[in-house]
Each structure stands twice: as structure tokens, then as C-alpha cells.
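# An overview of the molecular structure
Next come the chains, spelled out residue by residue.
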Amino acid sequence: MQTIDLNVLGLKDGQRALDLGCGAGRHVHAMYYHSECHVVGLDLGFEDVRRTREGFGSCPDMDPETKRSFSLTVGNALSLPFPDQSFDKVLCSEVLEHIPDYGQALNEINRILKPGGTLAVSVPRFWPEWVCWALSDDYHNEPGGHVRIFREGQLKGAVESRGLSFFHRHFAHGLHSPYWWLKCAVGVKREDVKIVNLYKRFLEWDILQGPWLTRTLEKIAGPLMGKSVVLYFQKGAA
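The present account deals with the structure reproduced in this document.

Procedures and definitions
Residues numbered from 1 in each chain as written. Predicted model: local features only at pLDDT ≥ 70, side-chain atom pairs only at ≥ 80, totals over all residues. Heavy atoms only, no water. Pairing = 2+ DSSP bridges. Helix = DSSP H or I, 4+ residues; strand = E, 2+ residues; numbered from the N terminus. Axes fitted to C-alpha atoms, helices over the stretch in contact; angles between N-to-C directions. Buried < 20%, exposed > 50% of the residue type's maximum accessible area, 1.4 Å probe, protein only. Right-handed = clockwise from strand over helix to strand, strands pointing away.

## Comments concerning the sheet that holds strand β5 (residues 113-124)
Strand order across the open sheet formed by 7 strands is β3-β2-β1-β4-β5-β7-β6, with mixed pairing between neighbours. Only two strands of the sheet have a single neighbouring strand rather than two, namely β3 (69-74) and β6 (164-172). Strand-to-strand twist in this sheet, taken as the mean axis angle between neighbours without regard to direction, amounts to 15 degrees. Bridge analysis of β6 against strand β7 (residues 228-235) gives 8 bridges, and the strand direction is antiparallel. Of the residues in β7, the one forming a bridge with S165 is Q234.

In C-alpha cells form, the structure reads like this:
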């Protein structure tokens, strides 16, 4: 399930890209196969990094002359283990809402991003997320959970204040918002609610098969109730 549009990100051959907070590696894998580049995945949890590595084993690169490469590491967004200006692209998807000091994470992103480089950042969209919080405390009130609901202007302003220029926005995962509203309404930890399980199977079918029906529905639902807002910025040349 890809949130960031790599064509908008502008990932090209020969570039170096970071997925900050890579989780199980959905964007790491997508970037690796998108261009002949070097992709780095970083996450706070070792298990997530391990799952990302296993993903490359499940779908290996079959090109013996490949110019692609990847590396994975455990690390903290507040103190990234990379030199200044070492990445052409930084992707940070569904991460900042978990970090109390998200401003320091943005400082670190700005530090490691090359002049002329591009940042793509996604967070839960304000009003669908507000509905989830209103329906359920368990949705966000747990270790490692969401600590804030971003307003788009708040996040946009925070990134721009660090010298990056906003150039594009879109919404993603419109079909996922009703699923989470249902989960929050009946109890996010319950696994025995038929309608929720049926909707989950529908989403899994969409992710695995990508039929025209769900692609069409997503184009309609995304702008209306997309679960995520995605913002793109460019760092000025030195």
C-alpha cells in the first residue's frame, strides 16, 4: 500500500533516497524497483527493519547486472546517523504524528537533504483522524501511538520555516477511512465483528489485485475522505 507518489517525488537513476520510519518496507521496496538508485530504510524498531529485509528475499532483484542497491538500519529520527546533505530524496510517511518533538525530526531531515533535494511527508488527514479520536481513545492512546492530529497548514508551515518550498499536495487511502471509523466505533482491539472483517477483506483485495472498481472508487474517495494527506517540498539550491 503505497502512500507517496514516486513520480511526484522525482526519484531518478543514480540518486540516494531515505525512507525515514520505513516500517515493513513498503516504500523502500517501491523505490528500489522504481529507479536504479540507492535506497536506505531506517526505523526505530529492529523487527520492522528485519521485515523490510525479508521483503527483498521474497521479491529478489533478478537482474544480475543491477545498478540498484539498498541498506537498512535501526535509528532515531531525532538524531539521524547520516552526514549532512547526503540524500537527494527523503520520504517520511505516517511517522511525524508519533513523535512528540517532531520539529527536531524536521531539523534532521533538513540537515541530511541535499540542496535541490525533495522531501515527501504524509500524516493522517485532520478530519478523518479527528473522527477516529472522537470515537475511540484506544485508537491513539497506547505506547507508540499518535500523539497529535496535524492540521495541514501546521505541518506545511513547520517544513517551510526550515527553508523548504512546498510544491504539491494530494490525498491517499480514501477507502481506508471508513474501515478505521468502523474499527473505532466497535472497539479497535476487537477481531470478531463481521462487518469490519468483511471490509478488511475488501481492502486486502484492493491492495493485492488493484481492480478497476477500487481504483475508480479511490479516485473519488481520496479527495473527499483520504486517510492521509501527502505534502511535497523542495530544498533550495545552495
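This is not the end of the story, as more comes after the structure.
## Considerations on the pairing of strand β4 (residues 87-93)
Within β4, 7 of the 7 residues are buried, which leaves it mostly tucked inside the rest of the structure. In this structure, strand β1 (residues 16-20) lies alongside β4, joined through 3 bridges in parallel fashion. Residue pairing for β4: L18 is matched across the bridge by V90. Handedness of the crossover joining β4 and β5 through helix α4 (residues 102-112): right-handed.

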